[in-house]
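So the chains spell out like this:
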Amino acid sequence: MHRQFNGLKTAALLGLLSAIIIGAGALFGRGGLIIGFLLALGTNAYAYWNSDKLALRAMRARPVGEAEAPEMYAMVRELATAARQPMPRLYVSPTNQPNAFATGRNPRNAAVCFTDGILQILTRREIRAVLGHELSHVYNRDILISSVAGALASVIMFLSHLALFASFFGGGRSDDDGPGNALGGLLLVVLGPIAASIIQLAISRNREFQADASGAELTNDPLALASALRKLQAGTQALPLPQDDRIVAQSHLMIANPFRPTGLAKLFSTHPPMEERVRRLEQIAAQRGTY
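Because the structure is a prediction, the values reported are computed rather than measured.

Draft legend 1. Quick look at the side chain of His-133. Checked against the element boundaries, His-133 lands in helix 5 (residues 124–139). According to the relative accessible area criterion, His-133 is buried, its value standing at 0%. Within the structure, His-133 has its side chain in polar contact with the side chain of Asp-212 (distance 2.8 Å). Here His-133 is in contact with Glu-208, Ala-211, Asp-212, Gly-215, Leu-225, Ile-255 and Arg-277, once residues within four sequence places are set aside.

Draft legend 2. Seen up close, helix 5. Its 16 residues give helix 5 an end-to-end C-alpha distance of 22 Å, which sits within 8% of 22 Å, the value for a rise of 1.5 Å per residue. For helix 5, the tally of buried residues reaches 14 of 16 residues, placing the bulk of the element in the interior. Where helix 5 ends, the next residue or the one after it, Arg-141, has phi of about 60°, a positive value.

Draft legend 3. Fine view of the nonpolar core. Formed by 39 residues in total, the largest nonpolar core has its most connected members in Phe-114, Val-130, Leu-131, Leu-229 and Ile-255. When contributions to this core are tallied by element, the ones reaching two or more residues are helix 3 (70–82), strand 2 (89–93), strand 3 (100–103), strand 4 (111–115), helix 5, helix 7 (179–219), helix 8 (222–238) and helix 10 (274–288). In this view, Val-130 contacts Ala-100, Phe-114, Ile-118, Leu-122, Leu-225, Ala-228 and Ile-255; residues no more than four positions away in its chain are not counted. If you look at the next biggest cluster of nonpolar residues, it comprises 15 residues, including Ala-55, Tyr-91, Ala-111 and Met-254.

Rules used in this analysis
Residues numbered from 1 in each chain as written. Predicted model: local features only at pLDDT ≥ 70, side-chain atom pairs only at ≥ 80, totals over all residues. Heavy atoms only, no water. Helix = DSSP H or I, 4+ residues; strand = E, 2+ residues; numbered from the N terminus. Buried < 20%, exposed > 50% of the residue type's maximum accessible area, 1.4 Å probe, protein only. Polar contact = N/O pair within 3.5 Å; in protein donor to acceptor, adjacent residues only side chain to side chain. Contact = heavy atoms within 4.5 Å. Expected span 1.5 Å × (residues − 1). Core = buried A, V, L, I, M, F, W, Y, C linked by side-chain atoms within 4.5 Å.

Next comes the structure, spelled out in structure tokens:
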């Protein structure tokens with residue numbers, strides 16, 4: 001039930017982003033909309049195709065071989081075999097904060113990265129649960145979904161900037177000049193970027209819930225993931241990462257928010273509240289009779 005709801009919710013949010021674009025494009029005609037779409041498509045296609053390189057570079061990750069991490073390889077191979085998917089590449093980041101992420105445009109190009117910190121505080125069972133979560137991101141095509149959402153949001157940002165430019169120097173569609181068109185342009189400038197950001201963040205949070213549920217199904221151990229998330233919550237709060245631009249750009253990939261959001265920043269977090277994630281996992285365990 002949760003999986004179907006999360007899928008429908010993601011589709012609805014992407015549809016809402018598309019609706020905003022269609023409405024905004026009506027203010028400028030086909031030309032502005034096509035330019036914005038092509039720019040967004042190019043930048044996000046590059047990010048999608050190189051998602052693994054960008055994320056691994058940001059976290060200074062290094063590849064690890066099976067001789068160095070035989071237990072981790074055994075767990076990943078078990079889960080990948082159960083999901084009938086290819087074996088991903090494994091990396092370790094020299095970061096004390098406990099965290100992990102998966103990236104790659106498809107299962108054949110996937111990479112899973114753990115920080116030194118997470119390997120120090122989690123048990124073998126909890127690491128296996130985190131692996132299930134991260135592999136689920138890849139199997140659910142979340143990198144593609146986030147790239148599509150990013151492209152749509154970028155189009156909205158471009159059109160809002162175009163509306164601001166037109167308000168200063170004139171422009172827009174002459175056949176639509178009037179109070180309605182002016183009001184539409186103002187709303188696009190003020191509310192367009194905010195709405196795009198809120199919807200994009202909602203999609204990111206929804207995909208985290210989905211990866212939790214899919215990972216629990218893959219490992220058949222939702223309580224292990226719940227236990228890992230509690231530890232990660234404490235660890236990331238104790239050792240927040242610096243808000244470096246490269247890390248900020250890749251932070252949505254991580255299993256736990258690597259920063260320490262406070263106040264209004266919590267409303268614009270890429271991750272849902274950890275307490276709610278744990279509650280849902282405990283609910284899954286109760287439904288299975290394992291809680």
